[in-house]
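For reference, the chains in residue letters:
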Amino acid sequence: MENEIKVTCKDGVVKAELTGRLDAISAPALQNALKEVMDQPINDLVFYVKDLEYISSAGLRVIIFTKQKLGVDSKIYFIGAQETVLEVIKMSGLDNFIIIQDAY
Amino acid sequence: MSEIILPAKLENLATLHDFVRDRVMSADFSKKDANQILIAAEEGIINILNYAYPESEGNIIIDCNDTPESFTITLKDQGIPFNPLSLPDPDVELPIEDRKIGGLGIFMIKQIMDDVKYERKDDWNIFILTKLKK
């Protein structure tokens, strides 16, 4: 599957569609795409990850970094995560602050 | 046993990753285990590419050894002496605002693999990651 990152922002909700692999190779592209939309007020950051096969700590770092920039009141969602991705989220303790759901 | 040697540069990450992936995928693991092993491998590779040769250039050697009992990935470099296992584990209970960004990769390696060893031999860093087949 091709890696694809698509980030849009509307009414304080950032929608990030991730396809393929979020690893050390593709994470900088996500970081840059998120930076583009972070100058506006953001309440929710919603990752659509049903087609995300793989996430490594480079990907997790982008999420931690983004959450730290956004502040305590923002919420982060993972929608439709596959088991491999869920395992990594749990392993790193990020399930304490990422809201994992089937739909947003 | 198969081996790849390349300059330890980020531009080679994809090639190194594909080398490990081809071998992990042909070993007898579930897709979930195979993906996790790849994540562990990536963390180890990235550490070498980013930190092993701060002021010089050098190579990374990866070899993969698939046996009926286990799959072992050995990562070698001749960079500055560094024992990844000397890093403290990150506190994964901390609120996200207080999380440190570093140390997570090694922590994940330790959780994913069944045995993780570091050796310094002559001027080599040798990092050996083993996953058992259950």
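For clarity, every value in this text was computed on a predicted model and none was experimentally measured. (Residues numbered from 1 in each chain as written. Chains lettered and ligands numbered in written order. Predicted model: local features only at pLDDT ≥ 70, side-chain atom pairs only at ≥ 80, totals over all residues. Heavy atoms only, no water.)

Asks: Would you mind going over the overall build of chain A in detail, with residue names and values included?
Replies: The secondary structure content of chain A amounts to 3 helices and 6 strands. Tracing chain A from N to C terminus, the helices and strands come up as β-β-α-β-β-α-β-α-β. Here chain A has a C-alpha radius of gyration of 12 Å; the compact-globule value for 104 residues is 13 Å, and the two agree. Based on the C-alpha atoms only, the size of chain A along its principal axes is roughly 30 × 25 × 25 Å. Looking at chain A residue by residue over its 104 residues, the buried ones come to 51%. If the 11 positive side-chain charges of chain A are averaged to one point and the 15 negative ones to another, these points end up 4 Å apart. (Helix = DSSP H or I, 4+ residues; strand = E, 2+ residues; numbered from the N terminus. Rg over C-alpha atoms; globule rule 2.2 N^0.38 Å. Buried < 20%, exposed > 50% of the residue type's maximum accessible area, 1.4 Å probe, protein only. Lys, Arg positive; Asp, Glu negative; His and termini not counted. Charge placed at Lys NZ, Arg CZ, Asp CG, Glu CD.)

Asks: Please set out the interface of chain B and chain A residue by residue, giving values where relevant.
Replies: Often the size quoted for an interface is simply the accessible area lost on bringing the parts together. On the side of chain A, 28 residues touch chain B, which itself brings 25 residues to the contact. At the boundary of chain B with chain A, total buried surface from both sides reaches about 2300 Å², with 62% on carbon and sulfur atoms. Scanning the region where chain B abuts chain A turns up 2 salt bridges. In this structure, A:Glu87 and B:Lys32 form a salt bridge, with 3.6 Å as the shortest nitrogen-oxygen distance. Within the residue set of the side of chain B that touches chain A, elements represented by two or more residues are α1 (13–26), α2 (31–51) and α3 (104–112) of chain B. Examining the composition of the side of chain B that touches chain A, we find that 8 residues originate from one element, α2(B), more than from any other. Grouping the constituent residues of the side of chain B that touches chain A by class yields 12 nonpolar, 5 polar and 8 charged. (Contact = heavy atoms within 4.5 Å. Buried area = accessible area lost by both parts, 1.4 Å probe. Salt bridge = Lys/Arg side-chain N within 4 Å of Asp/Glu carboxyl O. Nonpolar A, V, L, I, M, F, W, Y, C, P; charged D, E, K, R; others polar.)

Asks: Kindly report on the sheet that holds strand β3 (residues 70–77) of chain B, identifying the contributing residues and their values.
Replies: Residue and element names in this part refer to chain B. If you trace the 5 strands from one edge of the open sheet to the other, you get β1-β2-β3-β5-β4, paired in antiparallel fashion. Unpaired on one side and paired on the other, β1 (2–7) and β4 (115–121) mark the two borders of the sheet. Strand-to-strand twist in this sheet, taken as the mean axis angle between neighbours without regard to direction, amounts to 15 degrees. Strands β2 (59–66), β3 and β5 (124–132) of the sheet are contacted by α2, whose axis makes an angle of about 10 degrees with β3. (Pairing = 2+ DSSP bridges. Axes fitted to C-alpha atoms, helices over the stretch in contact; angles between N-to-C directions.)

Asks: Describe the environment of B:Gly44, with residues and values.
Replies: Residue and element names in this part refer to chain B. Among the structural elements, Gly-44 can be located in helix α2. A residue is classified by how much of its surface remains accessible, and Gly-44, at 2% relative accessible area, is buried. Residues Gly-44 and Asp-28, 16 residues apart in the sequence, show an inter-C-alpha distance of 22 Å. When residues no more than four places from it in sequence are discounted, the contact partners of Gly-44 are Leu-75 and Ile-109.

Asks: Pulling in residues and values, what's your account of the nonpolar core?
Replies: By size, the foremost hydrophobic cluster in this structure holds 74 residues, and its most contacted members are A:Phe47, A:Ile55, A:Phe78, B:Val20, B:Ile45, B:Ile62 and B:Ile73. Per-element tally for this core: the top contributor is α2(B), with 10 residues. Setting aside chain neighbours within four positions, we find A:Phe78 in contact with A:Phe47, A:Val49, A:Ile55, A:Ile63, A:Val85, A:Ile89, A:Ile98, A:Ile99, A:Ile100 and A:Gln101. (Core = buried A, V, L, I, M, F, W, Y, C linked by side-chain atoms within 4.5 Å.)

Asks: Please set out the side chain of B:Asn12 residue by residue, giving values where relevant.
Replies: All names here are of chain B. Note that Asn-12 resides in the loop between β1 and α1. Engagement of the side chain of Asn-12 in a polar contact is seen with the backbone oxygen of Pro-7, the distance being 2.9 Å. Discounting residues that sit within four places of it in the chain, Asn-12 has contacts with Leu-6 and Pro-7. (Polar contact = N/O pair within 3.5 Å; in protein donor to acceptor, adjacent residues only side chain to side chain.)

Asks: Residue-level account of the pairing of β2(B), with values.
Replies: Consecutive side chains along a regular strand alternate between the two faces of the sheet. Residue and element names in this part refer to chain B. Alignment of β1 against β2, held across 6 bridges, turns out to be antiparallel. Note that in β2 the partner of Leu-6 across the bridge is Ile-60. In the sheet, β2 pairs with β3 via 7 bridges, with the strands oriented antiparallel. Within β3, the position partnered with Ile-60 by the bridge is Asp-77. Hairpin connection from β2 to β3: 3 residues lie between these consecutive antiparallel strands.

Asks: Report on the packing of aromatic side chains, specifying residues and quantitative values.
Replies: Applying the stated rule across the entire model yields 3 aromatic pairs over all chains. Geometrically, the ring pair formed by A:Phe47 and A:Phe78 is tilted, given 5.3 Å between the ring centres and 45 degrees between the ring planes. Of this pair, A:Phe47 sits in strand β3 (residues 44–48) while A:Phe78 sits in strand β5 (residues 75–79), and the two are 31 residues apart along the sequence. The pair formed by A:Phe47 and A:Phe78 is uniform in burial state, with each residue classed as buried. With 6.2 Å between their ring centres and 85 degrees between their planes, B:Phe29 and B:Phe71 make a pair best called edge-to-face. (Phe/Tyr/Trp six-rings, centres within 6.5 Å; stacked < 30°, edge-to-face > 60°.)

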